[in-house]
Amino acid sequence: MHRIKDLSKIFFVLLFLTSCKTSINNDETPINSEVNIIESKNSEKKRMEIKFSCGDDRISEYLNDGWIILKEDSQEKICTWKSVPATKDCDMEKDKGCKITQPDKIGEEKIYLLEK
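Caption draft 1: Summary view of the packing of aromatic side chains. The full count for this structure, using the stated rule, is 2 aromatic pairs. Arranged with centres 6.4 Å apart and planes meeting at 55 degrees, the rings of F52 and Y62 form a pair that is tilted. Note that F52 is positioned in strand β2 (residues 46-53) and Y62 in helix α2 (residues 59-64), a separation of 10 residues in sequence. Each member of the pair, F52 as well as Y62, carries the same accessibility label: buried. With a centroid separation of 6.1 Å and an interplanar angle of 65 degrees, the aromatic rings of F52 and Y112 are classed as edge-to-face.

Caption draft 2: Quick peek at a negative patch on the surface. On the surface, E72, D73, E76 and E108 cluster together into a negatively charged patch. The leading source of residues in the negative patch is strand β3 (residues 68-85), at 3 residues. By the secondary structure assignment, E108 is in strand β4 (residues 99-115). By relative accessible area, which is 41% here, E108 ends up partly exposed.

Caption draft 3: How the structure looks around the environment of K46. With respect to the helices and strands, K46 occurs in strand β2. Residue classification places K46 among the partly exposed positions, given a relative accessible area of 38%.

Caption draft 4: Layout of the nonpolar core. Core analysis: the largest hydrophobic core is formed by 8 residues, namely M48, I50, F52, I59, Y62, W67, Y112 and L114. Secondary-structure elements contributing two or more residues to this core are β2, α2 and β4. Residue contributions to this core peak at 3 residues, all from β2. For W67, the contacting residues outside a window of four places in its chain are K46, R47, M48, Y62, L114, E115 and K116.

Caption draft 5: Structural view of the pattern of salt bridges. Enumeration according to the criterion identifies 6 salt bridges in this entry. For the salt bridge of R47 with E115, the shortest nitrogen-to-oxygen distance reads 3.3 Å. Of the two residues, R47 is situated in strand β2 and E115 in strand β4; the sequence distance between them amounts to 68 residues. Assessed through its relative accessible area of 15%, E115 is described here as buried.

Caption draft 6: Structural view of the state of the cysteines. All told, the structure shown has 2 disulfides when counted by the stated rule. Two residues, C54 and C79, share a disulfide whose sulfurs are 1.8 Å apart. Disulfide C54 to C79: torsion about the S-S bond roughly -105 degrees, handedness left-handed. Of the two residues, C54 sits in the loop between β2 and α2 while C79 sits in strand β3, which places them 25 residues apart along the sequence.

Caption draft 7: Summary view of a nonpolar patch on the surface. On the surface, I78, W81 and I106 cluster together into a nonpolar patch covering about 310 Å² of accessible area. Among the secondary structure elements, W81 is positioned in strand β3.

Rules behind the numbers
Residues numbered from 1 in each chain as written. Predicted model: local features only at pLDDT ≥ 70, side-chain atom pairs only at ≥ 80, totals over all residues. Heavy atoms only, no water. Phe/Tyr/Trp six-rings, centres within 6.5 Å; stacked < 30°, edge-to-face > 60°. Helix = DSSP H or I, 4+ residues; strand = E, 2+ residues; numbered from the N terminus. Buried < 20%, exposed > 50% of the residue type's maximum accessible area, 1.4 Å probe, protein only. Patch = residues over 30% accessible without salt bridge, like charges linked within 9 Å, V, L, I, M, F, W, Y side chains within 5 Å. Areas by Shrake-Rupley, 256 points an atom, 1.4 Å probe, with all protein chains shown as cover. Salt bridge = Lys/Arg side-chain N within 4 Å of Asp/Glu carboxyl O. Lys, Arg positive; Asp, Glu negative; His and termini not counted. Charge placed at Lys NZ, Arg CZ, Asp CG, Glu CD. Core = buried A, V, L, I, M, F, W, Y, C linked by side-chain atoms within 4.5 Å. Contact = heavy atoms within 4.5 Å. Disulfide = S-S within 2.5 Å.

Given below as structure tokens:
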């Protein structure tokens, strides 16, 4: 019985210690959105990652504003999709199950890493 009390005390102490969470200060934000601005506390420089897709390239607006391109990358991206019939005798209006969606226009997505 005495061992069970000792084990339960140890269990509760471990539970208490593992439930405490430390706070971590991250300076960088995740790169999931179209535009991300990262400010570094040490260097006072701003960095931005910006993406332009399918012929929409407005990088000159940022260059005129004083931004400098650090890195440029491009990759293929599907701009529009179209629906086509799966077979010759398929009526897409009546039978939605025979409709296939495939890429219509393929363009380029440009990713710029800028610094100011």
